[in-house]
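If you want the building blocks of each chain, they are given just below.
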Amino acid sequence: MMKPAEASLPSDTEVLVKRSFDAPATLVWRAYMEPDLMRRWCAGLPGWSMPVCEMDMRVGGRYRWRWRSDENGQEFGFTGEVLEVTPHAKIVHTQLVDVGDQADSKGSAPASWADAGGSIVTVTLHEANGITHVTTTIKYASKADRDAAVETGMTDGMEMSYTQLDRVLGEM
Amino acid sequence: MSRLDQAFVALADPTRRGIVVRLARSEASVSDLVGHFSLTQPTISSHLKVLESAGLISRRKVAQSRLCKLVPERLKSVTNWLEQVQEIWEGNYKRLDALLSELKQVETKEQKR
């Protein structure tokens, strides 16, 4: 059994999550790179399905992940562009909330990830003795954006809001 | 800066975390804390100011001294948030554990062939 995920706030604009896996980095890498595998572990949230999981994980490539609530059909998702890929070691991508086809969607797309309150996600893999240590750093454009993510998570104690859910879930 | 964010910043400092741990036991005056931490009074006071504006402690006047008291709800809100974040990620990571052990088995089988 691996130690549970550890979340912390290493700077004003970042959230850091660490976890280790009992598998070589080559396999962890595949689980992050291949849509069919990604879906297996990112779509398991009870009450939610993952109808869209498209990924072109090359530098300049784009990805799109969407989740749908079984209960009311509400959707949320993420989209972004791949900035950096070092096989079996590192992936960096932007992450924007994808409002999709919702009636209350904001219309035109924002000019950049920063304008959209998006973030840059960096995932690193480091293998030692057959264990792969994974760090995920979510860097927001500003402190205000990070604060907004933090504050949203606070709503009514344990009641999870969509905004936090998508911010956190989508990095996976 | 939001209050919750202030709380995170306040707790990023080891001395301030020490003060919080000390106040979790009981109320204390500034001079109690000066004695406990062997720091100067202005240093302790500036740490207390940060903790107070973050809503993590409250202060009240008793005779000549000001007593500092922990605000446990505030501290709880900080730990709750990180716990929530951890829970969501951990849910996914447990599924990833299962997937990886499956992939490992497949790999072993293929090597045996």
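Data block above holds the structure.
Conventions we followed
Throughout, a residue's number is its position along its own chain's written sequence, starting from 1. The order in which chains are written sets their letters, starting at A; the order in which ligands are written sets their numbers, starting at 1. Per-residue local features are limited, in this predicted model, to residues with pLDDT of at least 70; the limit for side-chain atom pairs, both in listing and counting, is 80 or more; totals at the level of whole chains, interfaces and linings are taken over all residues. Helix and strand assignments follow DSSP, with helices taken as H or I runs no shorter than four residues and strands as E runs no shorter than two, numbered in order from the N terminus. Note on burial: count the other C-beta atoms lying within 10 Å of the residue's C-beta; 20 or more is buried, 12 or fewer is exposed, in between is partly exposed, and C-beta positions come from the backbone. C-beta atoms are placed from the backbone for every residue, and two residues are taken to be in contact when these atoms lie within 7 Å. Axes here refer to lines fitted to C-alpha atoms; in helices the fit is confined to the stretch in contact. Angles between the N-to-C directions go from 0 to 180 degrees. Oblique is the label for any angle not under 35 degrees, not over 145, and not in the 65 to 115 range, which are roughly parallel, roughly antiparallel and roughly perpendicular in turn. Definitions for this section: a left-handed crossing has its near helix turned counterclockwise from the far helix by less than a right angle. A right-handed crossing has that turn clockwise. Gly is placed with the polar residues, together with every amino acid not listed as nonpolar (Ala, Val, Leu, Ile, Met, Phe, Trp, Tyr, Cys and Pro) or charged (Asp, Glu, Lys and Arg). Note on pairing: two strands pair once DSSP finds at least 2 bridges between them. One nonpolar core equals one set of buried Ala, Val, Leu, Ile, Met, Phe, Trp, Tyr and Cys residues connected by C-beta atoms within 7 Å.

A. Expanded view of the overall build of chain B. Looking only at helices and strands, chain B features 5 helices and 3 strands. For chain B, the sequential pattern of α-helices and β-strands runs α-α-β-α-α-β-β-α. The 113 residues of chain B split such that 27% are buried. Here the contacts in chain B between residues at least 6 apart in sequence split such that 54% fall between residues at least 24 apart.

B. Quick peek at the packing of helix H2 (residues 14-25) of chain B against helix H3 (residues 30-37) of chain B. Residue and element names in this part refer to chain B. Between H2 and H3, whose axes approach to 11 Å, the crossing angle comes to 120 degrees. For the element pair H2 / H3, the angle class is oblique. The chirality of how H2 crosses H3 is right-handed. Contacts between H2 and H3 involve Thr15, Gly18, Ile19 and Arg22 from the former and Leu33, His36 and Phe37 from the latter. Tallied by class, residues from the contact of H2 with H3 come to 3 nonpolar, 3 polar and 1 charged.

C. Structural view of the environment of B:Val71. Residue and element names in this part refer to chain B. The residue valine 71 is located in the loop between strand S3 (65-70) and helix H5 (72-112) in this model. Along the chain, valine 71 and alanine 24 lie 47 residues apart, while their C-alpha atoms are 9.0 Å from each other. Residue contacts for valine 71: discarding those within four places in its chain leaves Gly55, Leu56, Ile57 and Ser58.

D. Main features of the sheet that holds strand S6 (residues 90-97) of chain A. Residues and elements named next belong to chain A. The antiparallel open sheet is built from 8 strands, whose spatial order is S1-S2-S8-S7-S6-S5-S4-S3. The sheet is open, and its two edges are formed by strand S1 (6-8) and strand S3 (48-55), each paired on a single side. Averaged over all adjacent pairs, the angle separating strand axes in this sheet is 20 degrees, with direction ignored. Of the pairings in the sheet, the one linking S3 to strand S4 (residues 62-69) comprises 6 bridges and is antiparallel in character. Bridging from a neighbouring strand, glutamate 54 pairs with arginine 64 of S4.

E. Quick peek at the nonpolar core. Formed by 53 residues in total, the largest nonpolar core has its most connected members in A:Val28, A:Ala31, B:Leu51, B:Ile57, B:Trp89, B:Leu96 and B:Leu100. Take this core: its biggest share by element is 9 residues, from H5(B). Setting aside its immediate chain neighbours within four residues, B:Leu100 contacts A:Phe21, A:Ala23, A:Leu27, A:Val28 and A:Ala31.

F. Focus on the sheet that holds strand S2 (residues 57-62) of chain B. All names here are of chain B. Pairing is antiparallel across the open sheet formed by 3 strands, whose spatial order is S1-S3-S2. Each end of this open sheet is capped by a strand with a single partner; those strands are strand S1 (28-29) and S2. As paired strands, S1 and S3 are joined by 2 bridges and run antiparallel to one another. Bridge pairing links alanine 28 to cysteine 68 in S3.

G. Quick look at the pairing of strand S8 (residues 131-140) of chain A. Residue and element names in this part refer to chain A. Side-chain alternation along S8 places Thr132, Val134, Thr136, Ile138 and Tyr140 on a buried face and Ile131, His133, Thr135, Thr137 and Lys139 on a face that remains uncovered. Here 8 bridges tie strand S2 (residues 14-21) to S8, and the two strands are oriented antiparallel to one another. Considered in S8, the bridge of serine 20 is made with histidine 133. Where strand S7 (residues 119-128) and S8 come together, 10 bridges link them in antiparallel fashion. Residue pairing in the sheet places isoleucine 120 in a bridge with lysine 139 of S8.

H. Structural view of unusual backbone geometry. For A:His88, which is not a glycine, the phi torsion comes out positive at approximately 65 degrees. In this fold, A:His88 is placed in the loop between strand S5 (75-86) and S6. One non-glycine residue, B:Ala63, lies in positive phi territory at about 50 degrees. Structurally, B:Ala63 can be placed in the loop between S2 and S3.

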